[in-house]
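Architecture at a glance
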Amino acid sequence: MKYFKLIRYISLLKLYNILLAYFCYFLSSILKRVIVWNFPFSLTTEPTNRCNLNCLECPTGNKSSNVEKGEMPFEDYKKIIDQVRKYITYQMIYFQGEPFLNKEIYRMIKYSDDNKIYTSTSTNGHFLTQLNCKQIVNSGLKKIIISLDGASQASYEKYRIGGNLNTVIDGIKNLVEAKEELGSAYPQIVVQFLVFNHNEHEIPNIKHLCKNLGIDKLEFKTAQISSKQNFNLVPKNKKYSRYSLTDSKYVIKKKLNNRCFRIWSILVITWNGTVIPCCFDKNNNHKIGNIIDTNTLKPWSSETYNRFRLNVLKHRSNYEICCNCNE
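These lines cover the structure that appears in this document, whether it is placed above or below. Predicted model only: the values in this text are computed from it and were never measured. (Residues numbered from 1 in each chain as written. Predicted model: local features only at pLDDT ≥ 70, side-chain atom pairs only at ≥ 80, totals over all residues. Heavy atoms only, no water.)

Scanning the model with the defined rule gives 19 aromatic pairs in all. Relative to Phe-26, the ring of Tyr-25 lies with its centre 5.2 Å away and its plane at 55°, an arrangement referred to as tilted. Residue classification places Tyr-25 among the buried residues on the basis of a relative accessible area of 8%. Pairwise contacts between aromatic rings join Tyr-22, Tyr-25, Phe-26, Phe-41, Phe-261 and Trp-264 into one cluster. (Phe/Tyr/Trp six-rings, centres within 6.5 Å; stacked < 30°, edge-to-face > 60°. Buried < 20%, exposed > 50% of the residue type's maximum accessible area, 1.4 Å probe, protein only.)

Okay, here's the thing in structure tokens:
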């Protein structure tokens, strides 16, 4: 169903580019040399890396990140979309931070939708007022992921420090009502529940709550944990953990192969135009270039990026950002 909804956003050029991306990726994986004849078909943009919460494992929230804070101006955003619109089918307008802190977010989404880019975002849900929800619906946003990691304030605030459960619930209700009032099927409302040790017992409660809220989908997601002191967050139910306990150490379950499709398909751009290889590079340690400065897609096929791709094909485990990835 998801892919059916994407059809009207795919031109023949975009379809060709997607197929070419898969071809280049598989060929590169087999030959262990970098072949990039395609352009990215997926885009991640960061409206802002500022946030109103202090989540435990988020570099922005826990203040462990030294990345400069700021907001992307609409004119810079427009430059980016103008460069990539021929090739991009899907966009996540979110990276670090809370996207709705950027007041231009609705204008940004509308510009992407007008350019036939299927656009989604992710939010902590604290800015879903009645007025904002109407703007969201009118912007053409196709999917919104709302984080709701608890069915009680006590469990919710253990990870979402500074957050208010009722504010998020009221925001979801506002969005459901805005869709009904404006007669729109979009955005698809997805509630995302990060499963931790302290909230896994609330899974039946969150299912019941979401059923009553009238959302489109509830997703349970395993949490990425980087700090050793936070491994106490790992749930007991192995189904909801991306880690296993080996020799008294938590290690990621999934085998780390020397390949990664993300770096052949997704262009990740921070609020100031910096291109990084993927969304796991939360501290921008692997800067590829700046798409706003160059005003071209040159960083995508640059020597710097291709060197990174080659290292992934040969020694992916050398990159710290890859070692905690479930790709």
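Turning to the pattern of salt bridges, a few remarks are in order. Within the structure shown, the criterion is met by ten salt bridges. In this structure, Lys-78 and Asp-82 form a salt bridge, with 3.2 Å as the shortest nitrogen-oxygen distance. Here Lys-78 pairs with Asp-82, and both are found in helix H3 (residues 74-84), just four residues apart, close to one helical turn. Residue classification places Asp-82 among the partly exposed positions, given a relative accessible area of 29%. For Lys-110, the salt bridge is made with Asp-114, and the minimal N-O distance between the two is 3.1 Å. Of this pair, Lys-110 and Asp-114 both sit in helix H4 (residues 105-114), four residues apart, which is roughly one turn of that helix. Taking relative accessible area as the criterion, Lys-110 reaches 36% and is therefore assigned partly exposed. Judged by its relative accessible area of 46%, Asp-114 is partly exposed. Via salt bridges that share partners, Lys-78, Asp-82 and Arg-85 belong to a single interconnected network. (Salt bridge = Lys/Arg side-chain N within 4 Å of Asp/Glu carboxyl O. Helix = DSSP H or I, 4+ residues; strand = E, 2+ residues; numbered from the N terminus.)

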